[in-house]
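These are the residues of each chain, in order.
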Amino acid sequence: MSRPTVRLGRPYTRPALETQPLPFRMRIAKSPEDIQRVCRHRGEAYARHQPDLVQRLSLHEPEADDLRDDVVLVMAESHEDGSILGSLRLSTNINTPLRFEKEFELPQRFHQRALAEAGRMVTQNGPGGRMVVPALVKVAYEACFRTGIDALLLIARQPIDRMYKAMQFEDIFGERVITSAQPGVPVTLFFMDTLRFEHRLRDANCQIYPFLVEIDHPDIDIDPDFVRERFNVPQTLRRERCSDMHPA
């Protein structure tokens, strides 16, 4: 598959009408300490509803995908006390097939297309956490749009799947599936068509449309050039970096 074409400019058809602060800062987890903090918070979030999964997959520790050179970890950090309120992991099939491409026969529309996965999306309980969800979706959408990704895929178990349906994500298979991301747990595999997403939100009069499109959030501090560079790290360069870090 050829590398996706970068899309420049604002990823919306309408200009922002206002600027609003958020009670948290969205940024990329870059340091080992950032990654450890994200994973500890992730483990705590999964433990509230799926404690057995935390133990089986060691979700309180970094997974192999968290440490890949071509993956981006996004974290929401409270302005009040610096605590993590939510996070998500973005990976693409630019260099390596997505988990879902290897585990399922995806419909033809996804073949030879640039795809991304929004994995391990978690948020804190309470009002603050509810605001983090649309912010994470906004980051994921803008990252995919600007890097030329055709579709963003994610999974959700009951009852969280209703939230993604309300946000106009589309069900790929029309039935629940089992994946290694949450083994033994029936989930819905959703997708967002990057070029149609804004129009779907507007046509459905979706509640998150103003948040995504009409409001500029300076606290969403995600450098699109950094994301493009991470997503497009060639396989050969990754191997060279690995050799430099682990010489024979």
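Coordinates for the structure precede this section.
Predicted model only: the values in this text are computed from it and were never measured.

About the cut-offs
- Residues numbered from 1 in each chain as written.
- Predicted model: local features only at pLDDT ≥ 70, side-chain atom pairs only at ≥ 80, totals over all residues.
- Heavy atoms only, no water.
- Buried < 20%, exposed > 50% of the residue type's maximum accessible area, 1.4 Å probe, protein only.
- Helix = DSSP H or I, 4+ residues; strand = E, 2+ residues; numbered from the N terminus.
- Pairing = 2+ DSSP bridges.
- Salt bridge = Lys/Arg side-chain N within 4 Å of Asp/Glu carboxyl O.
- Contact = heavy atoms within 4.5 Å.
- Expected span 1.5 Å × (residues − 1).
- Polar contact = N/O pair within 3.5 Å; in protein donor to acceptor, adjacent residues only side chain to side chain.

Enquirer: Sorry if this is basic, but what is going on with the pairing of strand 4 (residues 84–92) here?
Expert: Each regular strand carries side chains that alternate between the two faces of the sheet. When you tally the buried positions in strand 4, you get nine out of nine residues, the bulk of the element. Sheet analysis places strand 3 (residues 72–78) next to strand 4, joined by six bridges and oriented antiparallel. Its bridge partner being in strand 4, Val72 is matched across the sheet by Leu90. Counting the residues in the hairpin turn of strand 3 and strand 4 gives five residues, including Gly82, whose phi is positive at 80 degrees. As paired strands, strand 4 and strand 5 (residues 115–123) are joined by six bridges and run antiparallel to one another. Directly across from Ser91, in strand 5, lies its bridge partner Glu117.

Enquirer: What is the right way to look at the pattern of salt bridges in this model?
Expert: All chains considered together, the criterion is met by 21 salt bridges. A salt bridge links Arg113 to Asp150; the nearest nitrogen and oxygen atoms lie 3.3 Å apart. Of this pair, Arg113 sits in the loop between helix 3 (99–103) and strand 5 while Asp150 is found in the loop between helix 4 (127–146) and strand 6 (151–156), placing the two residues 37 residues apart along the sequence. Put simply, Asp161 and Arg176 hold a salt bridge, and the shortest N to O gap is 3.2 Å. With a gap of 15 residues between them, Asp161 in helix 5 (residues 161–166) and Arg176 in the loop between strand 7 (170–171) and strand 8 (188–193) connect regions that are remote in the sequence. Accessibility expressed as a relative area gives 3% for Asp161, which makes it buried. The exposure class assigned to Arg176 is partly exposed, which follows from its relative accessible area of 39%. Through salt bridges with shared partners, one network takes in Arg42, Glu63, Asp66, Arg89 and Arg120.

Enquirer: What is the right way to read the environment of Leu57 from this model?
Expert: Mapped onto the elements of the fold, Leu57 is located in helix 2 (residues 51–57). A relative accessible area of 25% places Leu57 in the partly exposed class. A C-alpha to C-alpha distance of 23 Å links Leu57 and Val133, two positions 76 residues apart in sequence. Beyond its immediate sequence surroundings of up to four residues, Leu57 is in contact with Arg120, Ser180, Ala181 and Pro183.

Enquirer: Which parts of the structure should I look at to understand helix 1 (residues 32–49)?
Expert: One full turn of an α-helix is made of 3.6 residues, so residues set three or four places apart face in the same direction. Here helix 1 contains 18 residues, and its C-alpha end-to-end distance of 27 Å stays within 8% of the 26 Å for a straight helix at 1.5 Å per residue. The complete set of buried residues in helix 1 reads Asp34, Ile35, Arg37, Val38, Cys39, His41, Arg42, Gly43, Ala45 and Tyr46. Residues of helix 1 that are buried sit in contact with strand 2 (24–28), helix 2, strand 3, strand 4 and strand 5.

Enquirer: Can you help me understand the environment of Glu77 in this one?
Expert: With respect to the helices and strands, the residue Glu77 is situated in strand 3. Taking relative accessible area as the criterion, Glu77 reaches 14% and is therefore assigned buried. Leaving out residues up to four positions away in the same chain, Glu77 has contacts with Phe24, Arg25, Arg27, Arg37, Gly82 and Ser83. Reaching out from Glu77, the side chain makes a polar contact with the side chain of Arg27 at a distance of 2.8 Å.

Just geometry here; none of it tells us what the structure is for.
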